[in-house]
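Coordinate inspection notes
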Amino acid sequence: MSLKCGIVGLPNVGKSTLFNCLSNAKAQSANFPFCTIEPNVGVITVPDDRLTRLVEMCQPRSTVPATVEIVDIAGLVKGASKGEGLGNKFLANIRETDAVLHVLRCFDDDNITHVDTTVDPVRDMEIINYELQLKDLETIDNRLAKTEKQAKTGGDKTAKMQVEVLKAYKEALEQGRPARSVSFETKDEEKFARELFLLTNKPVLYVCNVDDASAATGNAYVERVREAIAGQDSDLMVVAAKTESEIAELDTWEERQEFLNEIGLQESGVSRLIRAAYRLLDLQTYFTAGPDEVRAWTFIRGTKAPQAAGIIHTDFEKGFIRAEVIKYDDFVTLGSETAVKEAGKMAVEGKEYVVQDGDIMHFRFNV
């Protein structure tokens, strides 16, 4: 499975600069709104030291890392829910993503015009959240009128359940809360809720774009955002997008690391951002490793062995027999699959085994 994240925010907050850092695809970055008319898409690899170590040990003919698809979506303005600016296109693009990276301007620069003249990341955050909530409320109202009619005239139990879900969302949205703040008790309710594809039901990572001096410690703007999202089911991280773009231009790992050390960071914001996106969606990684290929596979935490096998190929899940599992630490410590087997460290697991982050898997199946 591949993760798809949409980078959103008001115009001129650093979205395209961040996208360029992440993907090395050069989206136009200019000092005016809507310089990104069509969503720019980049596919980037997920940084994982474990994959690097397995490649060193196995010396495979090919290596396939996990990937993340990043979409840089045109800047949004007030009234987007009613089609202002590029609103309708913006909202359609964000609906297709798995998670939202909401970029907030947390730096002062007289040379970069703010669409609302002053720098206020909390206000900017509320503008976008409000527009998304309005669009979701429109979706709910349109669906509710039709579903209530079905529930009343036909006595349809499913329709009655759907009405309750829709009303719960309507109440939350009218109170200014996102759809993701609402929880449900039954699997049927949860399934219907997912099928609505509400914009504010997507996990959000607030990315505070700061200046070089604030890259390691943050600043007062960041603290205001942190206070504003306290209690919300969302995360926050600090990135200096302009600084990250300079790091990305350096040729060697040593040069990049020296640059990071100078500004008080141990690793790039890009690496931290990708891992944060993984945590946001509760994603983990298992590996297949051998002389032909070392590969990272992305799965949702709690996935059982047959479903994990199905990520490779549906036949693996259909004909699943068992999974041979080696823990990453055992493989690295003992040095090879043969040594792991001789030490009795390879486990044979059945259909109820819950795959763990870092497992090295070999699936037996018969179709």
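An account of the accompanying structure is given in this report. If you're wondering where the values come from, they're calculated on a predicted model, not measured in any experiment. (Residues numbered from 1 in each chain as written. Predicted model: local features only at pLDDT ≥ 70, side-chain atom pairs only at ≥ 80, totals over all residues. Heavy atoms only, no water.)

Observations regarding the overall build of the protein chain
Rule in force here: The secondary structure listing takes helices from DSSP runs of H or I that are at least 4 residues long and strands from runs of E that are at least 2 residues long, numbered from the N terminus. Each residue gets one of three labels from its accessible area relative to the maximum for its type: buried under 20%, exposed over 50%, partly exposed in between, using a 1.4 Å probe on protein chains only. Accessible areas in this description were obtained via Shrake-Rupley with a 1.4 Å probe; residue shielding takes into account the shown protein chains only.
Looking only at helices and strands, the protein chain has 14 helices and twelve strands in total. In the protein chain, which comprises 367 residues, the proportion classed as buried is 49%. Surface exposure of the protein chain reaches about 18,300 Å², of which carbon and sulfur atoms provide 47%.

Examining the pattern of salt bridges
Short version of the rule: Any carboxyl oxygen of Asp or Glu within 4 Å of a side-chain nitrogen of Lys or Arg constitutes a salt bridge here.
For the structure on display, the rule yields 20 salt bridges. The residue Glu56 makes a salt bridge to Arg53 at a minimum N-O spacing of 3.5 Å. Taken together, the positions of Glu56 and Arg53, both in helix H2 (residues 49–58) and three residues apart, correspond to about one turn of that helix. Classification of Glu56 by relative accessible area gives partly exposed; the value is 47%. For Arg53, a relative accessible area of 33% puts it in the partly exposed group.

Re the packing of aromatic side chains
The criterion, for reference: Any Phe, Tyr or Trp ring, taking Trp's six-membered ring, that has another such ring centre within 6.5 Å forms a pair; planes under 30 degrees apart are called stacked, those over 60 apart edge-to-face, and the others tilted.
For the coordinates displayed, the defined rule picks out six aromatic pairs. Taking the centre distance of 5.3 Å and the plane angle of 80° together, the rings of Tyr169 and Phe184 count as edge-to-face. You can see Tyr169 sitting in helix H5 (residues 157–174) and its partner Phe184 sitting in the loop between H5 and helix H6 (187–195), a full 15 residues away along the chain. Comparing Tyr169 with Phe184 shows no difference in burial state: the two are buried. Aromatic ring contacts, followed pair by pair, group Tyr286, Trp297, Phe299, Phe320 and Phe363 into a single cluster.

Focus: the pairing of strand E8 (residues 283–289)
Put simply, the rule is: By the convention used here, strands pair only if DSSP detects at least 2 bridges between them.
Burial within E8 is extensive, with six of its seven residues counted as buried. Hairpin connection, E8 to strand E9 (residues 293–300): the antiparallel pair is bridged by three residues.

Section: the nonpolar core
Which entries qualify depends on this criterion: Only buried residues count toward a nonpolar core, which is a set of Ala, Val, Leu, Ile, Met, Phe, Trp, Tyr and Cys residues joined through side-chain atoms within 4.5 Å. Here, residues are in contact when the closest pair of their heavy atoms is within 4.5 Å.
The biggest cluster of nonpolar side chains holds 74 residues, and the ones touching the most others in it are Leu18, Leu22, Val68 and Ile70. Counting residues per element, this core draws most heavily on helix H10 (residues 269–280), at seven residues. Filtering out sequence-adjacent residues up to four positions away, Ile70 remains in contact with Cys5, Ile7, Phe19, Leu22, Asn40, Val41, Gly42, Ile44 and Leu101. Ile140, Ala151, Ala159 and Val163 belong to the second largest nonpolar core, which has 19 residues in total.

Overview of the packing of H5 against H6
Applicable threshold: A fitted line through C-alpha atoms serves as each axis, taken over the contacting stretch for helices, and the angle formed by two N-to-C directions is quoted from 0 to 180°. Angle categories are assigned with fixed cut-offs, so that under 35 degrees is roughly parallel, over 145 is roughly antiparallel, 65 to 115 is roughly perpendicular, and the rest are oblique. If you view the pair so one helix is near and one far, a crossing is left-handed when the near helix is turned anticlockwise from the far one by less than a right angle, and right-handed when it is turned clockwise. When residues are grouped by polarity, Ala, Val, Leu, Ile, Met, Phe, Trp, Tyr, Cys and Pro land in nonpolar, Asp, Glu, Lys and Arg in charged, and all others, Gly among them, in polar.
Remark: H5 packs on H6, axes separated minimally by 10 Å, with the N-to-C direction vectors making an angle of 60°. It follows from the interaxial angle that H5 and H6 lie oblique. Crossing of H5 against H6: the hand is right-handed. Residue-level contacts link Met161, Gln162, Val165, Leu166 and Tyr169 of H5 to Asp188, Glu189, Phe192 and Ala193 of H6. Per-class residue counts for the contact of H5 with H6 are six nonpolar, one polar and two charged.

Quick notes on a negative patch on the surface
Keep this limit in mind: Distance thresholds for patches are 9 Å for like charges and 5 Å for nonpolar side chains (Val, Leu, Ile, Met, Phe, Trp, Tyr), applied to residues having over 30% relative accessible area and no salt bridge. When charges are counted, Lys and Arg contribute as positive and Asp and Glu as negative, whereas His and the chain ends are disregarded. By convention, the point assigned to a charge is CZ for Arg, NZ for Lys, CD for Glu and CG for Asp.
A cluster of acidic residues, Asp108, Asp110, Asp211, Asp212 and Glu246, forms a negative patch on the protein surface. Structurally, Asp110 is set in the loop between strand E5 (99–105) and helix H4 (121–154).

Some remarks on the environment of Leu281
Here Leu281 lies in the loop between H10 and E8. In this structure, the C-alpha to C-alpha distance between Leu281 and Arg301, residues 20 residues apart in sequence, is 9.1 Å. Once you skip the residues sitting within four places of it in the chain, Leu281 turns out to touch Leu3, Asp98, Ala99 and Pro203.

Let's talk about the side chain of Arg105
Defined as follows: For this analysis, a polar contact is any N or O atom pair within 3.5 Å, provided that within protein one partner can donate a hydrogen and the other can accept it, and provided that sequence-adjacent residues contribute only side-chain to side-chain pairs.
Relative to the elements of secondary structure, Arg105 occurs in strand E5. A polar atom in the side chain of Arg105 sits 3.2 Å from the backbone oxygen of Phe107. For Arg105, the side chain forms a polar contact with the main-chain oxygen of Asp109, separated by 3.1 Å.

Remarks on the packing of helix H8 (residues 241–249) against helix H9 (residues 253–262)
Between H8 and H9, whose axes approach to 8 Å, the crossing angle comes to 155°. By the angle between their axes, H8 is roughly antiparallel relative to H9. For the pair H8 and H9, the contacting residues are Thr243, Glu246 and Ile247 in the first and Arg256, Phe259 and Leu260 in the second. Residue composition of the contact of H8 with H9, by class: three nonpolar, one polar and two charged.

What to know about the side chain of Gln284
Mapped onto the secondary structure, Gln284 falls in strand E8. In contact with Gln284, not counting residues within four places along its chain, are Tyr278, Trp297, Thr298, Phe299, Arg301, Val355, Gln356 and Asp357.

Overview of the sheet that holds E5
An order of E2-E4-E1-E5-E6-E7 is seen for the six strands of this open sheet, with the pairing classed as mixed. Among the strands making up the open sheet, the edge pair consists of strand E2 (40–45) and strand E7 (235–239). Across the sheet, the mean angle from the axis of one strand to that of its neighbour is 25°, orientation sign disregarded. Summarising the sheet, E5 and strand E6 (residues 204–209) pair through six bridges and their orientation is parallel. Bridge pairing links Val103 to Val207 in E6.

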